[in-house]
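# A structural walkthrough
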Amino acid sequence: MKYVYFFGAKKAEGDGTMKELLGGKGAGLAEMTRIGLPVPAGFTISTECCDYYLKHDRKYPKALAAEVKKNLSRLEKVTNKKLGDAKDPLLVSVRSGSARSMPGMMETILNLGLNPKSVEALARNTKNDRFAWDAYRRFVQMYSTVVIGLAKEELEEKLRGMKSRRRVKDDTQVPAEGWRELVGEYKQYFQSKTGKDFPDDPEEQLWGAIGAVFGSWMAEKAATYRRVERITGLLGTAVNVVQMVFGNTGENSGTGVCFTRDPSTGEKSFYGDFLVNAQGEDVVAGIRTPMHLSEMAARMPGVYKQLEKVRVLLEKHYRDMQDMEFTVEEGKLYMLQTRVGKRTPAATFKMAVDMAKEGLISKEEAIERIKPEDIDRLFFPIVDPSTSKSDLAKRKFTSGMNAVPGAAVGKAVFSAEEAEEMASHGEKVILVRRETSPEDVGGMFVAQGILTATGGKTSHAAVVARGWGKCCIVGAEHLDIDYGLKVARSNGRTVHQGDWITLDGNDGIVYEGQVKLSAPELPDAFTTLMNWADGVRKIGVRTNADTPYDAKKAREMGAEGIGLVRTEHMFFKDFDYPEMSVERQLAIQEMIIADTPEARRKALGKLLPYQRRDFTGIFKAMDGLPVTIRLIDPPLHEFAPHELEQQRELADKIGVDVEVVIRRVAQLHEANPMLGHRGCRLAITYPEILEMQVRAIMEAAVECKKNGVKVLPEIMIPLTMDRKELQILTDATNRVAQDVIRESKVKVEYMVGTMIEVPRAALLADEIAEVAEFFSFGTNDLTQMGMGLSRDDAGRFLPEYVDEKKAAIFSEDPFQSLDVKGVGMLTRWGIERGRSVRPKLKIGICGEHGGDAPSVKFCHQVGMDYVSASPFRVPVARLAAAQAVIEERAAKKKKK
Ligand code: PEP
Ligand code: MG
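These lines cover the structure that appears in this document, whether it is placed above or below. All values reported here derive from a predicted model rather than from experimental measurement. (Residues numbered from 1 in each chain as written. Chains lettered and ligands numbered in written order. Predicted model: local features only at pLDDT ≥ 70, side-chain atom pairs only at ≥ 80, totals over all residues. Heavy atoms only, no water.)

As enumerated under the stated definition, the model contains three cavities of 30 Å³ or more in all. One number sums up the size of the largest cavity: a volume of about 160 Å³. Forming the walls of the largest cavity are 15 residues, and the residues nearest its centre are V463, V464, G467, D546 and H569. The element that contributes the greatest number of residues to the lining of the largest cavity is helix α19 (residues 460-468), accounting for four residues. A class-by-class count of the residues in the lining of the largest cavity yields six nonpolar, five polar and four charged. (1 Å grid on protein atoms, 1.4 Å probe; cavity = no way out; pocket = protein on both sides within 12 Å on 5 of 7 lines; lining within 4 Å. Points joined across faces, edges and corners; volume = space filled by probe spheres on them. Helix = DSSP H or I, 4+ residues; strand = E, 2+ residues; numbered from the N terminus. Nonpolar A, V, L, I, M, F, W, Y, C, P; charged D, E, K, R; others polar.)

Printed below as a string of structure tokens:
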């Protein structure tokens, strides 16, 4: 077996594909050498050797000594230097490098090969005493701590002592003599601790370093890191022995970091920083201000030209923007590392589109390079990146689940009514509630952001806020809200009503005061790339929208129809004429209090014109695109007043005794409202609600058609569990629809279908499909009922189920990303059974999962016709749908 792989003089035994065997760094150095870049020469000892070493009680395979010897001679030949030589010494670095990046977890030893003779040679050759002795003391320090395991603190203490004796503050002020003195002290300390002299023999040094790097694979910090990051199946670390190059030998040397394109804008311009007479650490530490590459071009034109060539070559080779580290030693350029560079979301789009246009990558690859977070981050304001971390830490008030990304600043308000009141005076508010209900939509609508103490990602607050693209944090468990005193407490801090707070919906953190926000700009490349995605995807993308405003917004985002109008969201809020909201509320509450069908009809009669206007607005906004309207879904208690004061007010307004209201509200109380009298169960017992809603839909459709607006209403029954149940409601729907058509003499096409939200409906989907003309999977409820997890309360313990450091039962919150294994099985089954009786059955999804990229890919795989997502998540769905096609094609190709 071969354990050592050489690279140098334009040849390499390894290559970029050998990450498992050579680690990321070793494979990268080999690849850069192969393509002719100036890389310091060296060799990599493979991860297989590490595996052997650790399995054989820290002994090396027999063949290794000879292989290392051979490769060391080769390295000496290529560099024309000798390890530890008294005339022209070769110095090497010995670094770890595994197949997966584990930053800072394993060991590195630099400047290996120095001893009393070679340090003098280094000083002579570089004409820099100070540099040579500084290098030596660094080596002795690293070797003593990393290889031998001596205490770092004690060595640091000696360093501080030397500096204070010499009355210098910074390392840069220490003269050669100081470093020489320190080397002596270190060696003495070494002797006293180990009973041996510090090794001068470079080969002994090398073997010590190799063992230390291999051993560091099993060190506790590295093992913990792998466990936390779930890095498994690797053999170990490789060891890279590489010729040292120095950027700190004088004015003709330096070190830098550069990017092949601008990582913030995506512009195709060479971007980077350079520090003269410095080592890599100095750039990262940020103590000195580096110069821009253009300045370096003026100072070292030859080197710059060479670097520019490397830039072109590497980008072409890796077909992506590269982040490169380099060192210039006495006017000679060395490339030390290259990797795919991180970038802003705007730059991600620009680079992907530009690279596709340049022919560097295909359009499909450009689409594949965008992550859902890149899109999210394009639209929502964010906490200004320049805000200092310590300032944020000081302001932290509480934290919760990041239900809707973005950021918002406003004054804390604890009731929806007051939020509306304050907003009407032009104040910016954040609505802070234990939880929200449909009664709160007015306050939620005017708020900059929403914060709730309970609830998960599909709680009422999260769903509504997502629809508006409004920053929302839910399940802030430590938040203790006192509505009476109008204060919220958390972590020993108190926020009063009217105090400024800032929500960071990306991290789920709430800060006290006004933190500066910044709004990202939408790049042109975004539109181009989304058009490409539309050309590729097969599955349709609709939106969940409840108002004409949302519908318009969603169309701008590329929605091709509405997959869910939640009609009850309009009961409490008139989005066109807010001042008329009270009348709606009164009508719905009167309907609830009514105890005869006649009284209910009367109240519903008042609601009908409002609903008709809402639907007309939505049809117009969608102008001929399909619109799925769902009949009333939540349990009625959500619309009833619960506080005595409000109950009195209602009793007064509708002219009944307050006792009647109290009794009725008590009657509506349910122990398990999510499993209670809701969904189509309401229409079975109160058919007049269905009649009113269907009439409003059909009359709106007729009106639109008369005005030349094309309409395609799809009337949807929620929470169906049985064929007969659906049949009764479908018959009732058709009766009303036909009545309206007959009365108006306008023929409107419409469909009647159902949501699949109850596991029984999914299981008996063939029976359901005999009646339903379309299915829409309501995966919020299907998850709730399929997994037995309450949408409103699971937020209290679900984080523990998902947290890698805790139970880690699921990798994602199942209310956010579809549980493909379980709930997905119900979905698959439902689709197959449904289409077995109605092959052309139209099928979509309108649960929150319709805007989650992995779930959208699943929907594509199981053959849905469309997904429906909140307006701001429509682009994510379009992208994921295209990626699903591309990934499917790639998988097919691989199979062949
Ligand atoms: C669902 O259950 O997935 C759904 C879309 O309905 P709602 O969230 O309104 O219950
Ligand atoms: Mg539902």
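Judged by pairing direction, the sheet is antiparallel, and its five strands sit side by side in the order β11-β10-β9-β12-β13 without closing on themselves. The open sheet has two edge strands with one neighbour each: β11 (291-292) and β13 (332-340). Judged from the six bridges that link them, strand β9 (residues 254-259) and strand β12 (residues 322-329) form a sheet pairing that is antiparallel. Note that in β12 the partner of G256 across the bridge is F326. Across the face of the sheet, helix α12 (residues 301-318) comes into contact with β9, β12 and β13 while running at roughly 25° to β13. (Pairing = 2+ DSSP bridges. Contact = heavy atoms within 4.5 Å. Axes fitted to C-alpha atoms, helices over the stretch in contact; angles between N-to-C directions.)

On to the pairing of strand β7 (residues 108-112). The buried fraction of β7 amounts to four of the five residues, a majority that puts the element mostly inside the structure. Summarising the sheet, strand β6 (residues 92-97) and β7 pair through three bridges and their orientation is antiparallel. Bridge assignment links V94 to a residue of β7, and that residue is I109. (Buried < 20%, exposed > 50% of the residue type's maximum accessible area, 1.4 Å probe, protein only.)

As for its position among the elements, L726 is in helix α28 (residues 723-744). Residues L726 and I768, spaced 42 residues apart in sequence, show a C-alpha to C-alpha distance of 7.4 Å. With residues up to four places along the chain from it excluded, the contact list for L726 reads I717, T720, T754, I768, V771 and A772.

What follows concerns a positive patch on the surface. Together, K538, K892, K895 and K896 give the surface a local cluster of positive charge. The topology assignment puts K892 in helix α35 (residues 874-895). (Patch = residues over 30% accessible without salt bridge, like charges linked within 9 Å, V, L, I, M, F, W, Y side chains within 5 Å. Areas by Shrake-Rupley, 256 points an atom, 1.4 Å probe, with all protein chains shown as cover. Salt bridge = Lys/Arg side-chain N within 4 Å of Asp/Glu carboxyl O. Lys, Arg positive; Asp, Glu negative; His and termini not counted. Charge placed at Lys NZ, Arg CZ, Asp CG, Glu CD.)

What follows covers the nonpolar core. With 149 residues, the main nonpolar core has L529, F619, L636, M698, F775, F777 and M864 as its most contacted residues. Looking at which element gives the most residues to this core, the answer is helix α27 (residues 687-706), with eleven residues. Apart from the residues within four sequence positions on either side, F619 is in contact with G624, V627, I629, I697, A700, A701, C704, V709, V711 and P713. Counting residues in hydrophobic clusters, the runner-up holds 63 residues, among them L90, V174, I231 and M244. (Core = buried A, V, L, I, M, F, W, Y, C linked by side-chain atoms within 4.5 Å.)

Turning next to the packing of aromatic side chains. Tallied over the entire structure, the rule returns 22 aromatic pairs. Each ring, one from Y53 and one from F214, has its centre 5.6 Å from the other, and the planes form 40°; the classification is tilted. Remark: F214 occurs in helix α8 (residues 202-216) and Y53 occurs in helix α2 (residues 47-55); sequence separation between them is 161 residues. Residue Y53 is classed as buried on the basis of its relative accessible area of 7%. Residue class for F214 comes out buried when judged on its relative accessible area of 0%. Pairing F572 with F639 gives two aromatic rings, centres 6.0 Å apart and planes at 15°, and the pair type is stacked. A residue pair is termed long-range when its members are at least 10 positions apart, and F572 in the loop between β28 (562-566) and α22 (581-593) and F639 in the loop between β29 (626-630) and α24 (644-654) qualify at 67 residues. Taking the relative accessible area as the measure of exposure, F639 reaches 0% and is therefore buried. By way of ring pairs, the aromatic residues Y53, Y60, W207 and F214 are connected into one cluster. The cationic tip of R542 hangs over the ring face of Y866; the distance from NZ or CZ to the ring centre is 4.0 Å. (Phe/Tyr/Trp six-rings, centres within 6.5 Å; stacked < 30°, edge-to-face > 60°. Lys NZ or Arg CZ within 6 Å of the ring centre and 35° of its normal.)

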